[in-house]
Amino acid sequence: SQSDVDLMSGLESLRADRAKERERQAAKQKKLEDTFKDLLQHYYYRSDHIAVPWKKALRRVKHRSAFRDLDRKDKSKEGEKSRAEVLFDEHIVMLREQMGATEEDIRKAEAEAAKEGDSSDDGDSDDDHKSRKKRSKSEKKSSKKSHRRHKSDKKRSRRSSSRSRS
């Protein structure tokens, strides 16, 4: 009957919509992962990075949007590695292969990292939030006002100096 055909057509339409949504979600997840991989390449690319542990890496990347966006979408269960940690492990393995690191190189790097302990942060803390101070809106406004005042002073001095020349 016609209602059965309409029902079948409706079901097919729903299936197609769900398939499209799954594809869209998979593409979005891939983009998040690619962005996080780019971040890892930015931070971990040298031979002394081959033994960086995940906990240390997490301290460096946890405030970055590439990590937060990926972490927000993470569906790993309690006790499982997060998707970010899996991608980090894959990145370190790839880095070791690129560097031609031997098992002995890896052991030495791990021993060196253990000797340094958790107190160091790879030396390049370009994103250390603790050293940054947030300014209030009123501080920002007063800074802008004083900046404007200085600009106008400069204009006046230029005008007065140009008048004296002519």
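Residues numbered from 1 in each chain as written. Predicted model: local features only at pLDDT ≥ 70, side-chain atom pairs only at ≥ 80, totals over all residues. Heavy atoms only, no water.

On to the pattern of salt bridges, then. Pairing between side chains of opposite charge can happen when the charged atoms of each approach one another. Scanning all chains against the criterion turns up 10 salt bridges. Across the salt bridge formed by lysine 81 and aspartate 89, the nearest N and O atoms sit 2.4 Å from each other. Looking at lysine 81, the relative accessible area reads 45%, which means it is partly exposed. Since its relative accessible area comes to 26%, aspartate 89 is described here as partly exposed. With a closest N to O distance of 3.7 Å, glutamate 110 and arginine 96 form a salt bridge. With a gap of 14 residues between them, glutamate 110 in helix H5 (residues 103-116) and arginine 96 in helix H4 (residues 83-99) connect regions that are remote in the sequence. (Salt bridge = Lys/Arg side-chain N within 4 Å of Asp/Glu carboxyl O. Buried < 20%, exposed > 50% of the residue type's maximum accessible area, 1.4 Å probe, protein only. Helix = DSSP H or I, 4+ residues; strand = E, 2+ residues; numbered from the N terminus.)

So, on to the nonpolar core. Formed by 22 residues in total, the largest nonpolar core has its most connected members in Phe36, Tyr44, Trp54 and Phe88. Contributing elements (two or more residues each) for this core: helix H1 (2-43), helix H2 (54-61), helix H3 (65-72), H4 and H5. Aside from chain neighbours lying at most four places away, what touches phenylalanine 36 is Trp54, Val61, Ala66, Phe67, Leu70, Ala84 and Leu87. (Core = buried A, V, L, I, M, F, W, Y, C linked by side-chain atoms within 4.5 Å. Contact = heavy atoms within 4.5 Å.)

The analysis is restricted to geometry; functional conclusions fall outside its scope.
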